[in-house]
Protein chains: 2
Amino acid sequence: MQSDNPTAAILLIGDEILSGRTRDLNAHHLAGILNGIGIDLREIRVVPDDHAAIVGALRALDRHLGGDWDMVFTSGGIGPTHDDITADAVADAYGVGIEVNADARRMMEERWTRLGMEITPARLRMARIPVGATLIENAESAAPGFSIGGAHVMAGVPSVFRSMVEALVPRLNPGRPPVSRTVRVERPESDVAEGLREVAAAFPDLSLGSYPFREEGRFGTNLVIRGLDSARVEAALAALGTRLGL
Amino acid sequence: MQSDNPTAAILLIGDEILSGRTRDLNAHHLAGILNGIGIDLREIRVVPDDHAAIVGALRALDRHLGGDWDMVFTSGGIGPTHDDITADAVADAYGVGIEVNADARRMMEERWTRLGMEITPARLRMARIPVGATLIENAESAAPGFSIGGAHVMAGVPSVFRSMVEALVPRLNPGRPPVSRTVRVERPESDVAEGLREVAAAFPDLSLGSYPFREEGRFGTNLVIRGLDSARVEAALAALGTRLGL
């Protein structure tokens, strides 16, 4: 699909995903939102809770560090425990210091006071933010995420991640959302492959995908047409209908 | 966690994951299996159906191509349609040709004959295999995956992916599976952070992770201890119980 839309990557940070203990929910959630605001998600990576792995991935992914994409959304590793090393790794990657951020501390103290919770060193650890970063509000549990360079650094707990994404999205520079049409056919993918190939060749500005499925022992295929121009998408849909006799 | 286990990456190939249309099931499935046979999954990447992106990821991930890990398991892009470009990209990455493989063709023809299906150019496209690769059987729908260099190339459809994984696993060189113990505490993560940090420092050969959760408005934490030596894991579990008063 041809597009001048801004590009992005998602970087998930966490041993628990790589060990198979936890199934990630955040990448799929954010992928749908980015698609809807015309930000072109080009890559997802999952790395362990390891300083060098996080720094290396940020360098590879964020254009501000010489990497490939305009923005990187991270998830995980900003909690209060010893294995939460994302904020330090991010500070290192962007070459800035890290310190307790007064605004972050205030947000968290307001909540703790309301809940009658103590201010402990472990809790204050979550107010440590790379110098120069902008905070991302967390309506769920107060401890904020932050943005620096092209990176938007968010929590791994799904409810907190979603709350941060909600706060962040209005601040992002959006693109032109793609239009998508899906046709479900009750034939195996190999039966529609040639027709699909011909239509795809006639519409090089669009993306035509085919996704086989199996239901009750029978094979079928979802054909998905995506593009930025809805008239072109409709024209490809009509061409596909004619070619495949739908 | 200290380990001499073989290392691996998973490479998911597919626009539909990046657009948010499809939620991947395969990485989590394989991550659990690799953990159980002592293969250390160190990275997951998702890239689009794009030749350069696939070749670039294989070079970055497979030690045989100068990349980081001993093995790479791919999922997606080996079907019969024009957007199934994984086999060609893999052949290119490993510098070999690609041609219709006689064994792959036979496997598929046996099935098609049994089902009364025609042999079409689109179906035969799935028998195109990089020269020198070893086939991975597919009990689900016949068209095989293949192994070449450190790469094991499998289908994206979950039922087919699982069938191929089942065929492949007995051929992999396993490591020593980690032992894992989980303790659930009904306290927020920040309350256990200091005790956890102390125990983690006393057991540098183990991995201690903490995973916060929220249930019915209350915060709790799962503490996970992983390591290769079960006596050490039990010792850390006892130390954690003492330190946190569990």
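Before any of the text, the structure's been laid out above.
Residues numbered from 1 in each chain as written. Chains lettered and ligands numbered in written order. Predicted model: local features only at pLDDT ≥ 70, side-chain atom pairs only at ≥ 80, totals over all residues. Heavy atoms only, no water.

## Comments concerning the overall build of chain A
1) Next: Secondary structure summary: chain A contains 9 helices and 11 strands in total.
2) Next: Principal-axis analysis of the C-alpha atoms places the extent of chain A at approximately 70 × 40 × 35 Å.
3) Next: A buried classification covers 54% of the 246 residues belonging to chain A.
4) Next: Across chain A, contacts joining residues at least 24 apart in sequence account for 68% of those joining residues at least 6 apart.
5) Next: With the model as given, the accessible surface of chain A reaches about 10200 Å², and the carbon-plus-sulfur share is 49%. (Helix = DSSP H or I, 4+ residues; strand = E, 2+ residues; numbered from the N terminus. Buried < 20%, exposed > 50% of the residue type's maximum accessible area, 1.4 Å probe, protein only. Contact = heavy atoms within 4.5 Å. Areas by Shrake-Rupley, 256 points an atom, 1.4 Å probe, with all protein chains shown as cover.)

## As for unusual backbone geometry
1) Next: Despite not being glycine, Ala 142 of chain A has its phi angle at roughly 75°, a positive value.
2) Next: Within the secondary structure, Ala 142 of chain A is located in the loop between strand 6 (134–136) and strand 7 (145–148).

## As for the environment of Val 224 of chain A
1) Next: Locating Val 224 of chain A in the fold gives a position in strand 11 (residues 218–227).
2) Next: Judged by its relative accessible area of 5%, Val 224 of chain A falls in the buried class.
3) Next: Taking the C-alpha atoms as reference, Val 224 of chain A lies 6.2 Å from Ser 210 of chain A; in sequence the two are 14 residues apart.
4) Next: Leave out the neighbours within four places in its chain, and Val 224 of chain A touches Ser 180, Arg 181, Thr 182, Ser 207, Leu 208, Gly 209 and Tyr 211 of chain A together with Arg 21 of chain B.

## Some remarks on the nonpolar core
1) Next: Ranked by size, the top nonpolar core spans 114 residues in total, and within it Phe 73 of chain A together with Phe 73 of chain B carry the most contacts.
2) Next: Excluding its chain neighbours within four sequence positions, the residues that come into contact with Phe 73 of chain B are Ala 8, Ala 9, Ile 10, Leu 11, Leu 30, Leu 34, His 152, Met 154, Leu 168 and Leu 172 of chain B. (Core = buried A, V, L, I, M, F, W, Y, C linked by side-chain atoms within 4.5 Å.)

## A word on the packing of helix 2 (residues 26–36) of chain B against helix 7 (residues 158–168) of chain B
All names here are of chain B.
1) Next: At a minimum axis separation of 10 Å, helix 2 and helix 7 run at an interaxial angle of 20°. On the basis of their axis angle, the class for helix 2 and helix 7 is roughly parallel. For the pair helix 2 and helix 7, the crossing hand works out as right-handed. Packed against helix 2, whose contacting residues are Asn 26, His 29, Leu 30 and Ile 33, the element helix 7 presents Pro 158, Phe 161, Arg 162 and Val 165 at the interface.
2) Next: Here the residues of the contact of helix 2 with helix 7 sort into 5 nonpolar, 2 polar and 1 charged. (Axes fitted to C-alpha atoms, helices over the stretch in contact; angles between N-to-C directions. Parallel < 35°, antiparallel > 145°, perpendicular 65-115°, else oblique. Left-handed = near helix turned anticlockwise from the far one by under 90°. Nonpolar A, V, L, I, M, F, W, Y, C, P; charged D, E, K, R; others polar.)

## Focus: the interface of chain A and chain B
1) Next: Across the boundary between the two partners, chain A contributes 55 residues, which contact 55 residues of chain B.
2) Next: Taken together, both faces of the contact between chain A and chain B bury some 4400 Å²; the carbon and sulfur share is 55%.
3) Next: When the buried surface of chain A facing chain B is broken down by residue, Arg 21, Arg 23 and His 82 of chain A rank first, second and third, together holding 15% of it.
4) Next: Along the contact surface separating chain A from chain B lie 4 salt bridges.
5) Next: Between Asp 191 of chain A and Arg 123 of chain B there is a salt bridge, with its nearest N and O atoms 2.6 Å apart.
6) Next: Our enumeration of links across chain A and chain B arrives at 16 residue pairs in polar contact (both at pLDDT 80 or more). (Buried area = accessible area lost by both parts, 1.4 Å probe. Salt bridge = Lys/Arg side-chain N within 4 Å of Asp/Glu carboxyl O. Polar contact = N/O pair within 3.5 Å; in protein donor to acceptor, adjacent residues only side chain to side chain.)

## Section: the side chain of Thr 86 of chain B
1) Next: With respect to the secondary-structure elements, Thr 86 of chain B resides in helix 4 (residues 86–93).
2) Next: Residue contacts for Thr 86 of chain B: discarding those within four places in its chain leaves Ile 13, Ile 54, Thr 74, Gly 76, Gly 77, Ile 78 and Val 153 of chain B.

## Some points on the sheet that holds strand 11 of chain A
Remark on secondary structure: sheet strands pair via backbone hydrogen bonds, oriented parallel or antiparallel.
Residue and element names in this part refer to chain A.
1) Next: The antiparallel open sheet is built from 3 strands, whose spatial order is 9-11-10. Two strands in the sheet have a free side with no partner beyond their single neighbour: strand 9 (179–185) and strand 10 (207–215). Each neighbouring strand pair of the sheet contributes to a mean axis angle of 20°, computed without reference to strand direction.
2) Next: Where strand 10 meets strand 11, 9 bridges bridge the pair, whose relative direction is antiparallel. Following the sheet pairing, Glu 215 is matched in strand 11 by Arg 218.
3) Next: In the packing of helix 8 (residues 189–202) onto the sheet, contacts are made with strand 9, strand 10 and strand 11, and the angle to strand 10 comes to roughly 170°. (Pairing = 2+ DSSP bridges.)

## Here we look at the sheet that holds strand 11 (residues 218–227) of chain B
Residues and elements named next belong to chain B.
1) Next: A sheet is described by the order of its strands in space; here 3 strands give the open sequence 9-11-10, paired in antiparallel fashion. Strand pairing shows two members of the sheet lacking a second neighbour, strand 9 (179–185) and strand 10 (207–215), which therefore form its edges. Direction aside, the axes of adjacent strands within the sheet are offset by 20° on average.
2) Next: Relative to strand 11, strand 9 runs antiparallel, the two sharing 7 bridges. Looking at the pairing, Val 185 lines up with Thr 221 of strand 11.

## A few points about the pairing of strand 2 (residues 40–47) of chain A
1) Next: The buried count for strand 2 of chain A comes to 6 of 8 residues, which makes it a mostly enclosed element.
2) Next: Note that strand 1 (residues 7–13) of chain A and strand 2 of chain A share 7 bridges and pair parallel. Bridging across to strand 2 of chain A, Thr 7 of chain A finds its partner in Asp 40 of chain A.
3) Next: Here strand 2 of chain A pairs with strand 2 (residues 40–47) of chain B via 3 bridges, running antiparallel. Directly across from Arg 45 of chain A, in strand 2 of chain B, lies its bridge partner Arg 45 of chain B.

## Let's talk about the packing of helix 8 (residues 189–202) of chain B against helix 9 (residues 230–244) of chain B
Residues and elements named next belong to chain B.
1) Next: For the pair helix 8 and helix 9, the least separation of the axes is 10 Å and the interaxial angle reads 145°. Between helix 8 and helix 9 lies a crossing of right-handed hand. Side by side, helix 8 and helix 9 meet where Val 192, Glu 194, Gly 195, Leu 196, Glu 198, Val 199 and Ala 202 of the first sit next to Arg 232, Ala 236, Ala 239, Leu 240, Arg 243 and Leu 244 of the second.
2) Next: Here the contact of helix 8 with helix 9 is composed, by residue class, of 8 nonpolar, 1 polar and 4 charged.

## Digging into the relation of the copies chain A and chain B
1) Next: By a simple turn and slide, chain A fits onto chain B: the slide is 0.0 Å along the axis, the RMSD is 0.0 Å, and the turn is 180°. On the angle and the small slide along the axis, the relation comes out as a two-fold axis. Considering only C-alpha atoms, the residue of chain A closest to the rotation axis is Arg 45 of chain A, which sits at 2.2 Å.
2) Next: Most of the interface of chain A is mirrored in chain B, where 100% of its interface residues are also at the interface. (Least-squares fit on C-alpha atoms with pLDDT ≥ 70 in both.)

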